[in-house]
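Spelled out from the first residue to the last, the chains are:
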Amino acid sequence: MCPKSGEQGIPIQLTTLKSLLSPTALEQLNANASYAFCRDPLCPVVYFSEEGQSFGVDDLKVPVFQKESGEDVPVCYCFGWTRRRIWQELQGSKTPQAILEGIADHIKARGCGCQVNNPQGFCCLENVRQVILEMQQRKAEEQNPIID
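Let us look at the structure shown here. Quick caveat: nothing in here was measured; it's all calculated off a predicted structure. (Residues numbered from 1 in each chain as written. Predicted model: local features only at pLDDT ≥ 70, side-chain atom pairs only at ≥ 80, totals over all residues. Heavy atoms only, no water.)

## Some details on helix H3 (residues 83-91)
Of all the residues in H3, the buried ones are Arg 83, Ile 86, Trp 87 and Leu 90. Buried residues of H3, viewed axially, fall in a sector of 100°; they line one side. Buried residues along H3 sit against strand S5 (74-76), strand S6 (81-82), helix H4 (96-108) and helix H6 (125-143). (Buried < 20%, exposed > 50% of the residue type's maximum accessible area, 1.4 Å probe, protein only. Helix = DSSP H or I, 4+ residues; strand = E, 2+ residues; numbered from the N terminus. Arc of directions from axis to C-beta. Contact = heavy atoms within 4.5 Å.)

## Some points on the packing of H4 against H6
At a minimum axis separation of 11 Å, H4 and H6 run at an interaxial angle of 170°. The angle between the axes of H4 and H6 places the two elements in the roughly antiparallel class. Of the residues in H6, those in contact with Pro 96, Ile 99, Leu 100, Ile 103 and Ile 107 of H4 are Leu 125, Val 128, Arg 129, Ile 132 and Gln 136. Each residue belonging to the contact of H4 with H6 can be placed in one class, and the counts come to 8 nonpolar, 1 polar and 1 charged. (Axes fitted to C-alpha atoms, helices over the stretch in contact; angles between N-to-C directions. Parallel < 35°, antiparallel > 145°, perpendicular 65-115°, else oblique. Nonpolar A, V, L, I, M, F, W, Y, C, P; charged D, E, K, R; others polar.)

## Re the pattern of salt bridges
Inspection of every chain in the model, using the stated rule, returns 3 salt bridges. We note a salt bridge from Arg 39 to Glu 7, for which the minimum N-O separation is 3.1 Å. One end of the pair, Arg 39, is in the loop between strand S2 (35-37) and strand S3 (45-49); the other, Glu 7, is in the segment before strand S1 (10-12), and 32 residues separate them in sequence. For Arg 39, a relative accessible area of 42% translates into the label partly exposed. (Salt bridge = Lys/Arg side-chain N within 4 Å of Asp/Glu carboxyl O.)

## Observations regarding the side chain of Ser 49
Following the sequence through the fold, Ser 49 ends up in strand S3. Ser 49 sits in the buried class, given a relative accessible area of 5%.

Fair warning: the whole summary comes from geometry, so function is off the table for now.
In structure tokens, the structure reads:
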């Protein structure tokens, strides 16, 4: 359980931490501890151990999708998909399915490195689906505003 939010963490491999922690934070890493990822967007903790050690958003080399809502924060860390890029592609000629299939094709070709690029330590495809759904809902609301 995250010491700050109380949320159940997702077990994370040491390789992910070694790849994404800043040099200063990496000096504090206990390589013999087990760590978990906190996905709570309101919690500043990203990784924590059973021993009570934690690393926050400022301890990482990259912004964390689950913690930051900025347009240029990566959604797909391996292939450069940000919220802005997804929105632009959806406004252009790409369909949601084309975006997802394009990423899936790269994954099938073994071109991804989620374990070392993505702070959550595993595939981001679900995050991309979530962002696409949110954008589709946003677009539908813009086209059909509720009038009181």
